[in-house]
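For reference, the chains in residue letters:
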Amino acid sequence: MKYTRWMIVGLVLAFITLPFIYIGSDYPGITWVASSYTVTADGEVYTHNWDALNVNVYARFAYHILGTRFRPYFLVNAVGCLIMALSCFGCKRFSANFSRAFWTAAVSGVCNLALPFLPYIIKNRNLLIVTLTLFVVQAFFKVVMLVMIADGMQKQVDNFVYMEVGKDLRFGAETWGFCSIMQFVLYFVIMLDILEAVWYVIVIGGMVSICFYIWKLYYYTEKLHLLEDAPGEMEKSSR
């Protein structure tokens with residue numbers, strides 16, 4: 001269970017999304033413009049005021065992903081991916097799939113580590129291109145990592161009755177992947193209030209799918225004694 005416990009910690013940190021938490025001031029080059037519009041209904045006038053983001057159109061979409069301030073959850077995701085990489089490295093003797101999960105977790109961790117620092121380094125169109133590239137790469141490799149872990153867990157099961165181990169875990173992985181795709185699409189139309197609400201629903205759905213994945217990972221590992229050395233292997237490793 002020691003590997004499973006570390007995996008659970010890594011999964012929680014690697015997939016948590018907390019867009020409400022940010023630190024510091026706005027990224028360099030960001031300005032805000034006071035905007036308003038008036039609505040007349042039944043002879044009454046309603047005025048709505050807000051601060052509009054005033055940046056290059058390319059950078060605007062990048063800031064939809066990164067936020068206008070430093071979001072520490074990207075660093076938390078990077079730490080989680082590092083923990084996952086180390087956990088999978090320790091499990092590679094159980095299945096070659098864990099070796100592949102190690103590399104995908106490492107790549108995803110590097111991408112998450114770089115994302116919040118991009119606005120300090122590049123601007124405008126290059127900021128959008130690099131941000132989209134790293135965001136897509138880290139999401140893709142996270143899904144691959146989850147699937148590789150699912151396959152690695154399933155290959156340890158000899159009893160046909162428990163073949164749903166891989167199916168359940170892959171279901172969680174595929175659901176999170178779908179939520180990631182929907183988030184990516186909504187980043188380009190997030191200006192509409194109703195779609196911003198949908199975006200938060202998708203974010204919550206993604207975290208729920210990871211909770212399902214973690215629960216099934218823990219359940220099957222404990223019930224079927226997966227990721228545990230056989231007695232003969234433990235004696236061999238102690239020599």
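Okay, so let's go over this structure.

Definitions and cut-offs
Residues numbered from 1 in each chain as written. Predicted model: local features only at pLDDT ≥ 70, side-chain atom pairs only at ≥ 80, totals over all residues. Heavy atoms only, no water. Helix = DSSP H or I, 4+ residues; strand = E, 2+ residues; numbered from the N terminus. Buried < 20%, exposed > 50% of the residue type's maximum accessible area, 1.4 Å probe, protein only. Contact = heavy atoms within 4.5 Å. Core = buried A, V, L, I, M, F, W, Y, C linked by side-chain atoms within 4.5 Å.

So, about the overall build of the protein chain. Assigned secondary structure in the protein chain consists of eight helices and four strands. Walking the protein chain from its N terminus toward its C terminus, one meets helices and strands in the order α-β-β-β-α-β-α-α-α-α-α-α. The burial tally for the protein chain puts 43% of its 239 residues in the buried class. Across the protein chain, the fraction of contacts at a sequence separation of at least 24, relative to all contacts at a separation of at least 6, is 72%.

Moving on, we get to the environment of Ala150. Within the element layout of this structure, Ala150 appears in helix 5 (residues 124-154). The exposure class assigned to Ala150 is buried, which follows from its relative accessible area of 0%. Distance in space between the C-alpha atoms of Ala150 and Phe98 is 9.4 Å, their sequence separation being 52 residues. Discounting residues that sit within four places of it in the chain, Ala150 has contacts with Gly166, Leu169, Arg170 and Tyr213.

Quick look at the nonpolar core now. Here is a general trend for soluble globular proteins: nonpolar side chains tend to be buried in one another's company. Formed by 36 residues in total, the largest nonpolar core has its most connected members in Met7, Phe98, Ile149 and Met153. Only helix 1 (2-15), helix 3 (73-90), helix 4 (96-114), helix 5, helix 6 (164-186) and helix 7 (193-224) provide two or more residues apiece to this core. In terms of residue count, the dominant contributor to this core is helix 5 (seven residues). Every residue in contact with Met153, bar those within four places of it in the chain, is listed here: Phe98, Val165, Leu169, Leu217, Thr221, Leu226 and Leu227. Of all hydrophobic cores here, the second largest spans 14 residues; its members include Tyr27, Tyr63, Phe70 and Cys111.

Along the chain, Tyr213 turns up in helix 7. Under the relative-accessibility criterion, Tyr213 is labelled buried at 0%. With 37 residues separating them along the chain, Tyr213 and Trp176 place their C-alpha atoms 9.5 Å apart. Ignoring any residue separated from it by four or fewer positions in sequence, one finds Tyr213 in contact with Leu11, Leu146, Ile149, Ala150, Leu169, Gly172 and Ala173.

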